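Next come the chains, spelled out residue by residue.
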Amino acid sequence: MSDGSPTSRRAAARVAVELGVRAAPGIMWTLVGLAVAGSLVPVAAAWLMKGVLDRLAAGAGSWSAVAVAATGLAVTGLAGAVQPHLSTYLQGEFGRRTSLLAQDRLYRAVNGYGGLGRFEDAAFLNRLRLAQQCGQDSPGQIMGSTLGLLRALTTTAGFLVSLLLISPGIAALVVLSGLPILLGELRLARARAETTFKVTSIERRELFYATLLGDAHAAKEVRLFGLGDHLRDRMHATRVSINGLQRRVDRRGLLVQGAIAAGSAVVAAVGLIWAVRAAAAGALSVGDISMFVAAVAAAQGTVGGLAAAVAVTHHHLLIFGHYLAVVRAGSDLAQRSGQPVALPELRRGIELRDVWFRYSPAHPWVLRGVTMTIPHGDAVALVGLNGAGKSTLVKLLCRFYDPSRGSIRWDGVDIREVPVEQLRARLGAIFQDYVEYDMTAAENIAVGDLAADRTAVETAAREVGIHEKLMSLPYGYDTMLSRSFLAADDDTDGNQGVSLSGGQWQRLALARVLLRRRRCLLILDEPSAGLDAEAEAEIHQRLGAHRAGQTSLLISHRLGAVRGADTIVVLDGGVVVEQGSHDLLLRAGGRYAQLFALQADGYRPADAEPAARAG
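Quick notes on the rules
- Residues numbered from 1 in each chain as written.
- Predicted model: local features only at pLDDT ≥ 70, side-chain atom pairs only at ≥ 80, totals over all residues.
- Heavy atoms only, no water.
- Phe/Tyr/Trp six-rings, centres within 6.5 Å; stacked < 30°, edge-to-face > 60°.
- Lys NZ or Arg CZ within 6 Å of the ring centre and 35° of its normal.
- Helix = DSSP H or I, 4+ residues; strand = E, 2+ residues; numbered from the N terminus.
- Expected span 1.5 Å × (residues − 1).
- Buried < 20%, exposed > 50% of the residue type's maximum accessible area, 1.4 Å probe, protein only.
- Axes fitted to C-alpha atoms, helices over the stretch in contact; angles between N-to-C directions.
- Parallel < 35°, antiparallel > 145°, perpendicular 65-115°, else oblique.
- Left-handed = near helix turned anticlockwise from the far one by under 90°.
- Contact = heavy atoms within 4.5 Å.
- Nonpolar A, V, L, I, M, F, W, Y, C, P; charged D, E, K, R; others polar.
- Patch = residues over 30% accessible without salt bridge, like charges linked within 9 Å, V, L, I, M, F, W, Y side chains within 5 Å.
- Areas by Shrake-Rupley, 256 points an atom, 1.4 Å probe, with all protein chains shown as cover.
- Salt bridge = Lys/Arg side-chain N within 4 Å of Asp/Glu carboxyl O.
- Lys, Arg positive; Asp, Glu negative; His and termini not counted.
- Charge placed at Lys NZ, Arg CZ, Asp CG, Glu CD.
- Pairing = 2+ DSSP bridges.
- 1 Å grid on protein atoms, 1.4 Å probe; cavity = no way out; pocket = protein on both sides within 12 Å on 5 of 7 lines; lining within 4 Å.
- Points joined across faces, edges and corners; volume = space filled by probe spheres on them.
- Core = buried A, V, L, I, M, F, W, Y, C linked by side-chain atoms within 4.5 Å.

A. The packing of aromatic side chains, seen in detail. Scanning the entire structure with this criterion turns up 10 aromatic pairs. Look at Phe 357 and Tyr 359: their rings are 4.8 Å apart centre to centre, the planes differ by 85 degrees, and that puts the pair in the edge-to-face class. Taken together, Tyr 113, Phe 119 and Phe 124 form an aromatic cluster joined through their ring pairs. The side chain of Arg 118 reaches across the aromatic face of Tyr 113, ending 4.5 Å from its centre. The lysine or arginine in question, Arg 405, covers the ring of Trp 356, its NZ or CZ lying 4.9 Å from the ring centre.

B. Looking closely at helix 14 (residues 502-515). Helix length check: helix 14, at 14 residues, gives a terminal C-alpha distance of 20 Å against a target of 20 Å (1.5 Å per residue), a fit within 8%. Taken together, the buried positions of helix 14 are occupied by Gly 503, Trp 505, Gln 506, Arg 507, Leu 508, Ala 509, Leu 510, Ala 511, Arg 512, Val 513, Leu 514 and Leu 515.

C. Up close: the packing of helix 12 (residues 454-463) against helix 14. Running from amino to carboxyl end, helix 12 crosses helix 14 at an angle of 125 degrees, the nearest separation of the two axes being 8 Å. With respect to each other, helix 12 and helix 14 are oriented oblique. Crossing of helix 12 over helix 14 shows right-handed handedness. Two secondary-structure elements touch here, helix 12 through Ala 456, Val 457, Ala 460, Ala 461 and Glu 463 and helix 14 through Ala 511, Leu 514 and Leu 515. Its residues placed into classes, the contact of helix 12 with helix 14 shows seven nonpolar, no polar and one charged.

D. Structural view of a positive patch on the surface. Positive charge collects at one region of the surface, where Lys 198, Arg 247, Arg 248 and Arg 251 lie side by side. In terms of residue count, helix 7 (residues 228-280) provides more of the positive patch than any other element does, three residues in total.

E. Just the environment of Leu 473, in detail. Topologically, Leu 473 is positioned in the loop between helix 13 (467-471) and helix 14. Accessibility expressed as a relative area gives 8% for Leu 473, which makes it buried. The sequence separation of Leu 473 and Val 498 amounts to 25 residues, and the corresponding C-alpha distance is 8.0 Å. Residues within four places of Leu 473 in sequence aside, it is in contact with Thr 479, Leu 481 and Val 498.

F. Structural context of the pattern of salt bridges. Applying the stated rule across the entire model yields 16 salt bridges. Arg 96 serves as the salt-bridge partner of Glu 93, at 3.0 Å between the closest nitrogen and oxygen. In this pair, Glu 93 and Arg 96 both sit in helix 3 (residues 63-111), three residues apart, roughly one turn of the helix. Connected via shared salt-bridge partners are Glu 18, Arg 22 and Arg 105.

G. Highlighting the sheet that holds strand 5 (residues 413-414). What the four strands build is an open sheet, ordered 2-1-4-5; its pairing is antiparallel. Looking at strand neighbours, the two that pair on one side only are strand 2 (367-375) and strand 5, the edges of this open sheet.

H. Structural detail: the layout of surface pockets. Reported here for the largest pocket is a volume of approximately 1200 Å³. Taken together, 31 residues form the lining of the largest pocket, with Leu 116, Phe 400, Phe 431, Val 435 and Tyr 437 sitting closest to its centre. Elements with a minimum of two residues in the lining of the largest pocket: helix 3, helix 9 (390-397), strand 6 (427-430) and helix 14. Here the lining of the largest pocket gets four residues from one element, more than from any other, and that element is strand 6. Looking at side-chain class alone, the lining of the largest pocket contains 17 nonpolar, seven polar and seven charged residues.

I. Spatial organisation of the nonpolar core. Core analysis: the largest hydrophobic core is formed by 41 residues, its most contacted members being Ile 445, Leu 470, Leu 481, Leu 508, Val 562, Ile 568 and Tyr 592. Counting residues per element, this core draws most heavily on helix 14, which supplies eight residues. Every residue in contact with Leu 481, bar those within four places of it in the chain, is listed here: Tyr 437, Asp 438, Met 439, Thr 440, Ala 441, Asn 444, Leu 473, Val 498, Leu 500, Trp 505 and Leu 508. Ranked by size, the runner-up nonpolar core spans 35 residues in total, among them Leu 382, Val 394, Tyr 401 and Ile 408.

J. Spotlight on unusual backbone geometry. The backbone phi angle of Arg 399 is positive, close to 55 degrees, even though this residue is not glycine. The topology assignment puts Arg 399 in the loop between helix 9 and strand 4 (405-410). Since its relative accessible area comes to 3%, Arg 399 is described here as buried. A positive phi angle, near 50 degrees, is found at Asp 411, a position not held by glycine. Structurally, Asp 411 is set in the loop between strand 4 and strand 5.

K. Quick peek at a nonpolar patch on the surface. A cluster of nonpolar side chains, Leu 78, Val 82, Leu 86 and Tyr 89, forms an exposed patch at the surface whose accessible area comes to about 420 Å². Along the chain, the position of Leu 86 falls in helix 3. Residue Leu 86 is classed as partly exposed on the basis of its relative accessible area of 39%.

L. Structural view of the side chain of Asn 126. In this structure, Asn 126 sits in helix 4 (residues 122-166). A relative accessible area of 8% places Asn 126 in the buried class.

M. Summary view of helix 9. Where burial is concerned, most of helix 9 is hidden: six out of the eight residues are buried. Those residues of helix 9 lying buried are Lys 390, Thr 392, Leu 393, Val 394, Leu 396 and Leu 397. Phi turns positive, to about 55 degrees, at Arg 399, one or two residues after helix 9.

N. Quick look at the pairing of strand 9 (residues 567-572). Buried residues dominate strand 9, accounting for five of its six residues. Sheet topology places strand 3 (residues 379-383) next to strand 9; four bridges connect them, and they run parallel. Considered in strand 9, the bridge of Val 380 is made with Thr 567. Across five bridges, the pairing between strand 9 and strand 10 (residues 575-580) is antiparallel. Paired with Asp 572 across the two strands is Val 575, which belongs to strand 10. Remark: two residues form the turn of the hairpin made by strand 9 and strand 10, two consecutive strands paired antiparallel; Gly 573 in that turn has positive phi of roughly 65 degrees.

Structure below.
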C-alpha cells in the first residue's frame, strides 16, 4: 500500500490541488474564500453578543449602539445560514469536475501499460481497485477535508485569541487538551487507511461471488451443480470478515474519541468554575461570561474539529497515494535507452533466437531456448499439448511480455527496440480467450479496426459466414449482443439484447481479425475451437484464402487444420522438438506423427483400427 510517509502525503496533496486548479479553478478559490468567511462568523457573533449584553447589563449607551450590534448579529447569522448551503453546492460541482479529470488521467495511465504483467498481479489489482475509487472520490474529499481544516484552524485561532484576552491560563489549557485529540485522531486515520486496503482485497473476492450469482453465463452451471447456496455462503463469509475488520477499527475509534470527550468535559468544567468565581468577584462582566463560555465551548469544538479535519485529510491523502502509485507506475515493459527504432516492413521474416520465458522468478520456465523462424509470406503452424507454451509464445510475439532471455527479431530488428504501438499496428490476431463485448454486433466487429466503416464491417462478417445471422437479429447489426444492458438510446424497460451461440461468437471474433487487413503478421490462436466439424472446415477454407501470400501463425489442437501449413513447429515442454512440413514430420515418425495418429484414430471406424495400426 502507500508508504504513508510525509513525502508521499505531500505528493498526494500537490496532485489533488493541481487537479482542482486544472478542473475548476474558480470554484476552488471561491470555496476557499467561503471557508475563511464562514470560519470567522462564529467569532464575530460571539464578540457582537458580548457587546450587546454588556450594554444591556450596564443600562448605558444609546439604543442605536445596541441596535448596531444586534444588526451585526443578524447579518452574521444570515451569513452563517447561507454559507454552508452555497459551499455544499459548489463542493459537489467541484467534486464532479475533479473526478472526471482524475478518472481520465487514471485510465490514460492504465492504457499506457503495454504488457499484461500488472493485470495478472493480485496485489496490483487490489491497488487498481482502490485507485478507481480514489479517482472518483478522493480529489473532492481532500478538498472538502482541507476546507474543513482551514475553517477549523481559522475559527480555533479566533476563539483562542479571544480566550487569551480573558484568561491566558484557560487558553493554554484548551490548547494543551487539544494535543492528545490531534494525536489520537491521526492514529485513527492511519488505522482506517490500513483497514481500507485490507478490506479492498476481500471485497474483490466478495464481488467475484456476487458476479457469479448474478451472471447469465455462470447461471447454467450454478443451477445445474447446485452452487447457489455454496457461493452465497462464501460471499457471506467474506462480508463477515470485512465487518470484523471494520468493527475493530470502529471500537478503537470509540475508545479514543470517548477519552477525548471526557477530557474536553473536564477542561470545560474547570473553565466554568473559574469563570463563575471571577464573575462573583466582579472581575468579569456579563458579556465577558457570555464570551468566555462561547469561546471555551467553540474552541474545544473547533480544536476537536481541527483534529478530526487533520485526521480525515491525512486519511484521504494516504488512500490517494494508491491512485498516484497507479498513475505514476509508468510502462511495465522495458524501455530501451536512445531513440526508438522504426519497425520496417516485413520482408524476410520473424525470428525467435534462443527465447526463454517465465512469468516470475518464482514460476517455472514456460519456454526454454525456443529458436524458430516465421518466414515472410509463409503459413507457420504451432502445435503441442496443453501447457506446451504455445499461447505464451503468442504473448511474446505481441509483446505483452518480453523474453526473460533471448530475443525476437522482425527483419533483424529486436522488437524491444520498437515502440510497442507500432508493432501491434502491424498485427492481426484472434486469441483463444477472445472477448464477448456487451456492445452491438457492429461494434463487436469494429473493435478490430475502429477506423473501418460499416461496409468493411459487413464485408468481414460475410467472409466468416455470420452476415445473414446478424441481419436476422431484431435490430440487425445494431442489436445489442447482451442481455445485461440496453442500447444507449433505449430508455425503455424492454430488453432488446440477444445472446449468440459459442460458434457464432467465434465467427464474430474472426471477423474482427479479417477487418485488420494488410497487416504484416496474422496470428490465429485456436480460430475454430467453438465450431462444429462442418463449420470448422468452412472457416479454415475461408481463412486459407485470406492468408494466401500473407505471413501467418496458426495454433490449433486439431492437427487436420494445420496440415496445409508451409512449416509446422512442434512444442513440447517449452522446447521446439521438431519442425517441418506435414509430410516430412509424418515420415519422421516423431512427436507430431504420434499426435496425428492419435487424432486420426478417433475418426476411423472400429473395424478399421487393427488394419490401420498394422499398416
